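# Topology and contacts: notes
Letter by letter, the chains look like this.
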Amino acid sequence: MDRKEHKTSYIKWIVLFISLYAIIIAIGIWASQRDAQREAERQYEFNIIQSIIKDVALYQEEVESWGYQVSVLTPQEKPEDEALQYYYRNYYQPILILTDADGGKYCFCYGFDGYTSIVSYTSMAEQTSGEYEEELKTVRLELAKRNRHQAPFEENLNEVGVSAYYDILVELNVKTFSVSEGKTIWDKSGFWCTNYCSNNFVDCMRFGLGEVDAEGNSRDADCHIKQEYSAEQLLAFYQQGLDLQNRLIGLYQKFVP
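Read on for an overview of the structure. Everything quoted here is computed from the prediction, not taken from an experiment.

## A few points about the overall build of the protein
Per the secondary structure count, the protein includes five helices and nine strands. When the elements of the protein are put in sequence order from the N terminus, they spell out α-α-β-α-β-β-β-β-β-β-β-β-α-α. Considering the protein as a whole, with its 257 residues, one finds that 40% of them fall into the buried category. For the protein, the share of sequence-separated contacts (at least 6 apart) that also reach a separation of at least 24 residues comes to 61%.

## As for the pairing of strand S3 (residues 105–109)
By the criterion of burial, S3 is predominantly enclosed, with five of the five residues buried. Residues of S3 alternate between two faces, with Lys105, Cys107 and Cys109 on one and Tyr106 and Phe108 on the opposite face, all of them buried. Adjacent in sequence and paired antiparallel, strand S2 (residues 95–99) and S3 are bridged by five residues, among which Gly103 carries a positive phi angle near 90°.

## Details of the pattern of salt bridges
This structure, assessed with the given rule, holds seven salt bridges. A salt bridge links Asp81 to Lys105; the nearest nitrogen and oxygen atoms lie 2.9 Å apart. Of this pair, Asp81 sits in the loop between strand S1 (69–73) and helix H3 (85–90) while Lys105 sits in strand S3, placing them 24 residues apart in sequence. Taking relative accessible area as the criterion, Lys105 reaches 14% and is therefore assigned buried. Across the salt bridge formed by Lys145 and Asp113, the nearest N and O atoms sit 3.2 Å from each other. On the criterion of sequence distance, the pair formed by Lys145 in strand S5 (residues 132–145) and Asp113 in strand S4 (residues 111–126) is long-range, its members being 32 residues apart.

## Observations regarding the nonpolar core
Leu96, Leu98, Phe108, Leu143, Phe201 and Leu248 are the most contacted members of the largest nonpolar core, which totals 40 residues. Apart from the residues within four sequence positions on either side, Phe201 is in contact with Leu143, Ile168, Val170, Tyr196, Lys226, Ala231, Leu234, Leu235 and Tyr238. Tyr87, Cys109, Leu169 and Cys193 belong to the second largest nonpolar core, which has 14 residues in total.

## Regarding the packing of aromatic side chains
For the structure on display, the rule yields 14 aromatic pairs. Ring geometry for Phe112 against Tyr238: centres 5.9 Å apart, planes inclined by 65°, an arrangement best described as edge-to-face. Of this pair, Phe112 sits in strand S4 while Tyr238 is found in helix H5 (residues 231–255), placing the two residues 126 residues apart along the sequence. Accessibility assignment for this pair places Phe112 and Tyr238 in one class, buried. Ring centres of Tyr166 and Phe207 lie 5.8 Å apart, and the angle between their planes is 50°; this geometry places the pair in the tilted category.

## Some details on unusual backbone geometry
You will see that Phe201, though not glycine, has its phi angle at about 55°, which is positive. With respect to the element layout, Phe201 can be found in the loop between strand S8 (190–196) and strand S9 (204–205). Overall, the relative accessible area of 0% leaves Phe201 in the buried class.

## Some words on the side chain of Asn156
One can find Asn156 in the loop between S5 and strand S6 (168–178). At a separation of 2.9 Å, a polar atom in the side chain of Asn156 contacts the main-chain carbonyl oxygen of Tyr165. In contact with Asn156, other than residues within four places in its own chain, are Ala164, Tyr165, Tyr166, Asp167, Cys197, Ser198 and Asn199.

## A short note on a nonpolar patch on the surface
There is a patch of nonpolar side chains on the surface, built from Leu58, Phe255 and Val256 and spanning about 240 Å² of accessible area. With respect to the helices, strands and loops of the structure, Val256 is situated in the segment after H5.

## Digging into the pairing of S2
Summarising burial for S2: five of the five residues are buried, a large majority. Pairing of S1 with S2, which is carried by five bridges, proceeds in the antiparallel orientation. By the bridge assignment, Val70 is partnered in S2 with Leu98. The sheet contact formed by S2 and S3 spans four bridges and is antiparallel. The residue of S3 that forms the bridge with Thr99 is Lys105.

Conventions and cut-offs
Residues numbered from 1 in each chain as written. Predicted model: local features only at pLDDT ≥ 70, side-chain atom pairs only at ≥ 80, totals over all residues. Heavy atoms only, no water. Helix = DSSP H or I, 4+ residues; strand = E, 2+ residues; numbered from the N terminus. Buried < 20%, exposed > 50% of the residue type's maximum accessible area, 1.4 Å probe, protein only. Contact = heavy atoms within 4.5 Å. Pairing = 2+ DSSP bridges. Salt bridge = Lys/Arg side-chain N within 4 Å of Asp/Glu carboxyl O. Core = buried A, V, L, I, M, F, W, Y, C linked by side-chain atoms within 4.5 Å. Phe/Tyr/Trp six-rings, centres within 6.5 Å; stacked < 30°, edge-to-face > 60°. Polar contact = N/O pair within 3.5 Å; in protein donor to acceptor, adjacent residues only side chain to side chain. Patch = residues over 30% accessible without salt bridge, like charges linked within 9 Å, V, L, I, M, F, W, Y side chains within 5 Å. Areas by Shrake-Rupley, 256 points an atom, 1.4 Å probe, with all protein chains shown as cover.

This is a description of form; function is not addressed.
The structure is reproduced here in structure tokens:
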């Protein structure tokens, strides 16, 4: 290769290097802007909810007119209500709680975070002897975002099968008590959990570390959960939470234009 060809080749490599470097910088700027946008979106609902919590008395009358009791759970206070234990263990910011007429609690921190309830009811169950026994069943439901540091999805657009598609954790804790014998019926009690897609509460998957049969365990958990709550009921809780989130944002904007 003569000197002229060597110089031309050198210039080509320099141009290529500069072009690649410019592309890397452009990608870096785009990623930085994207992350900043996501952070702004994440903080939007959070800042509004925390502002409402700070001046909760200002909003309380209006929210109660919607049919909900208003309360605040702080990280320093351990709740007596077992349904709120999840938030006490996992959240490090105050939680706004709207309790409906049935005792179900809609919880808000980074926007709508989840729904929780404890329901007890009696039923007559047939025994192996053919006789019927009165049973008292207590069911604790926990529906919560897996990523508690982001606002909930209005629609989950992630691909089926990836972890982010299953954005809602649902836990069910059932305790069944024999009224006549005065003791717990262990084979009718248990704890089950799996992750659902908030679009339908039908698609589910577990992601336990080292779990041998995550798919089978997820189906088993789904079966037990659906014995107490249908996909339509779970979806209704979630959509009601989104509706309340939007109403809270609108209320905040009404007082703070």
